[in-house]
Amino acid sequence: MLITPSQLQRLARAALLGCALALVACGAPRVSERDAAIPFDEALDQSVDDLFAQTQKLPTFMATVESRLKAPRIIVVDPMLDGTSGQQTEVTRIAEQRVVERVRSRFKQFNVSTFDATGLAGAQFVLNGTLTQTSSTAGAAQYRLSLALTDIKTGLVLAQTASRVGDNNLNTSPTAVYRDSPVIAKDRVVEGYIRTSQTKAGMPADPLYLERLPTSALLADANAAYNEKRYAEALARYEAASLRPDGQQMGIYSGLYLAQTQLGQTEAAEKTFGLMVRLGLATNNLSVKFLFKPGTTDFVVDPRVSGSYPMWLRQIARQSALIEQCVVVTGHTSRTGAEQINNRLSLQRATFVKRRLETETPELARKLRDAGLGFRENIVGTGTDDQRDALDRRVEFKVSACNG
């Protein structure tokens, strides 16, 4: 039987893939986390160099792919995130830019394309990374920087590296789209992103993260437009992302809500917030950033901050009334002050929100429970009491079975 050129090429691809998997699993070096913390810029440069040094341990695979299949080695860089909160911050944005510049200047055998629909369509590899604070003792903030390079088609992490960063001058404030979001948009896709950045070479990346890369690229593009105050453009991109089969994501709905709010589309924004609440209750992942005056159960008196709270409460009440189970309203506080005081304050705030919901929809009285966790489940844990640790002062809504 004659083998056609196209069949021969498919066989070659399969053989090369087998070689790649074997080489990565057995031949790629395992770069362990450095013991000593080093400055941010130095850690970034060393991590990028380590990452791509690992790819050079696969010379047969890389050379054959280039010479026989003539496929350009195109990389897209998925916007880097804070490894604890899942947010893009000012420092992760800077880290991403430096990674791109380092790859373009030192590793010219790779082309770095924009992380959007067009760039992703032609890319073989995705590079992602996280910066995670590990300690902040005696004024010395330390972080773990993790980078991973993944083959998109095989789903295999080709290279991964981690470094310790010691730097007290990193701006961990969230970018505008995360700062303005009314909810915590850390969902299963974001968790998969974080896991992939920390997955060792030779192991599979998170499958859901890879599956949803096309939608994530649309979301990243929309977030960039929002951060640059191009709200009409951002709205169109969020709408396009929301219409995809996997577009029912909290980050997409949050961006859609924010763009609608910025453009004065009040009714549409309320409808979108209702979708956010419905999704959050359905997935048991709804944390709302109600901000209170320090040490009190009173909302912050600033229309720019709390002006939407009545609408938020209205939609939370309406959506909670539609489900059969009960809902536990849990208050959280930042790590400032005594533990006992914060435990009491977090419960008082949960009780305050619970009563507001019951005022909106009286029949909820039998379905709502309140709880306070103080700062025991902090996400950021810095105690800065500003936008950087706003996630720690959240109010959480979890569906639970009704007991009596």
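None of these values were measured; they are calculated from a predicted model. (Residues numbered from 1 in each chain as written. Predicted model: local features only at pLDDT ≥ 70, side-chain atom pairs only at ≥ 80, totals over all residues. Heavy atoms only, no water.)

1. Brief notes about unusual backbone geometry
Not every positive phi belongs to a glycine, and Lys229 is a case in point at roughly 65°. Within the secondary structure layout, Lys229 lies in the loop between helix H9 (213-227) and helix H10 (231-242). With a phi close to 55°, Asn284 is a non-glycine residue in the positive phi region. With respect to the helices and strands, Asn284 occurs in the loop between helix H12 (266-282) and strand E7 (286-288). Relative accessible area serves as the criterion here: at 29%, Asn284 is assigned to the partly exposed category. (Helix = DSSP H or I, 4+ residues; strand = E, 2+ residues; numbered from the N terminus. Buried < 20%, exposed > 50% of the residue type's maximum accessible area, 1.4 Å probe, protein only.)

2. Focus: the state of the cysteines
Linking two cysteines covalently via their sulfur atoms produces the bond known as a disulfide. One pass over the full model with this rule turns up 1 disulfide. Here Cys326 is linked by a disulfide to Cys402, with a sulfur-sulfur distance of 1.9 Å. Residues Cys326 and Cys402 are joined by a disulfide whose S-S torsion is about 115°; by sign, that bridge is right-handed. Here the residue Cys326 occupies a position in strand E8 (residues 326-331), and Cys402 occupies one in the segment after strand E10 (395-400), the gap between them amounting to 76 residues. A relative accessible area of 36% places Cys402 in the partly exposed class. (Disulfide = S-S within 2.5 Å.)

3. Quick notes on the pattern of salt bridges
Under the defined criterion, the tally for this structure stands at 17 salt bridges. Residue Arg195 pairs with Asp206 through a salt bridge whose shortest N-O separation is 3.3 Å. On the criterion of sequence distance, the pair formed by Arg195 in helix H7 (residues 188-197) and Asp206 in the loop between H7 and helix H8 (207-211) is long-range, its members being 11 residues apart. Exposure remark for Asp206: the relative accessible area of 8% places this residue in the buried category. A salt bridge links Asp221 to Arg237; the nearest nitrogen and oxygen atoms lie 3.2 Å apart. One end of the pair, Asp221, is in helix H9; the other, Arg237, is in helix H10, and 16 residues separate them in sequence. (Salt bridge = Lys/Arg side-chain N within 4 Å of Asp/Glu carboxyl O.)

4. Here we look at the packing of aromatic side chains
Tallying each qualifying case throughout the model produces 15 aromatic pairs. Between Tyr193 and Tyr209, the ring centres sit 5.5 Å apart and the planes meet at 85°, which makes this aromatic pair edge-to-face. Here Tyr193 is found in helix H7, whereas its partner Tyr209 is found in helix H8, with 16 residues between them in sequence. Neither Tyr193 nor Tyr209 differs from the other in exposure class; each is buried. Pairwise contacts between aromatic rings join Tyr257, Phe273, Phe290, Phe292, Phe299, Tyr309, Trp312 and Phe352 into one cluster. One residue, Arg73, lies across the ring of Phe110, its end atom 5.5 Å from the ring centre. (Phe/Tyr/Trp six-rings, centres within 6.5 Å; stacked < 30°, edge-to-face > 60°. Lys NZ or Arg CZ within 6 Å of the ring centre and 35° of its normal.)

5. Focus: the pairing of E10
For a regular strand, side chains alternate in direction, first toward one face of the sheet and then toward the other. Pairing analysis gives 3 bridges linking E7 to E10, with the strands arranged antiparallel. Residue pairing for E10: Val288 is matched across the bridge by Val395. Where E8 lies against E10, 6 bridges are found, and the strand directions are antiparallel. Across the sheet, the residue bridging to Val328 is Lys398, located in E10. (Pairing = 2+ DSSP bridges.)

6. Describing the pairing of strand E5 (residues 140-151)
Taking burial as the measure, the 12 residues of E5 include 9 buried ones, the bulk of the element. Here 9 bridges tie E5 to strand E6 (residues 157-166), and the two strands are oriented antiparallel to one another. Looking across to E6, one finds that Leu149 is bridged to Ala159. Here E5 hands over to E6 after 5 residues, with Gly155 in that stretch at a positive phi of 75°.

7. Notes on the nonpolar core
Within the largest apolar cluster, 96 residues are counted, with the highest numbers of intra-cluster contacts made by Phe52, Leu127, Tyr238, Phe290, Val353, Leu357 and Phe397. Other than its neighbours up to four places away in sequence, Phe52 contacts Ile75, Val103, Phe107, Phe110, Leu127 and Leu149. (Core = buried A, V, L, I, M, F, W, Y, C linked by side-chain atoms within 4.5 Å. Contact = heavy atoms within 4.5 Å.)

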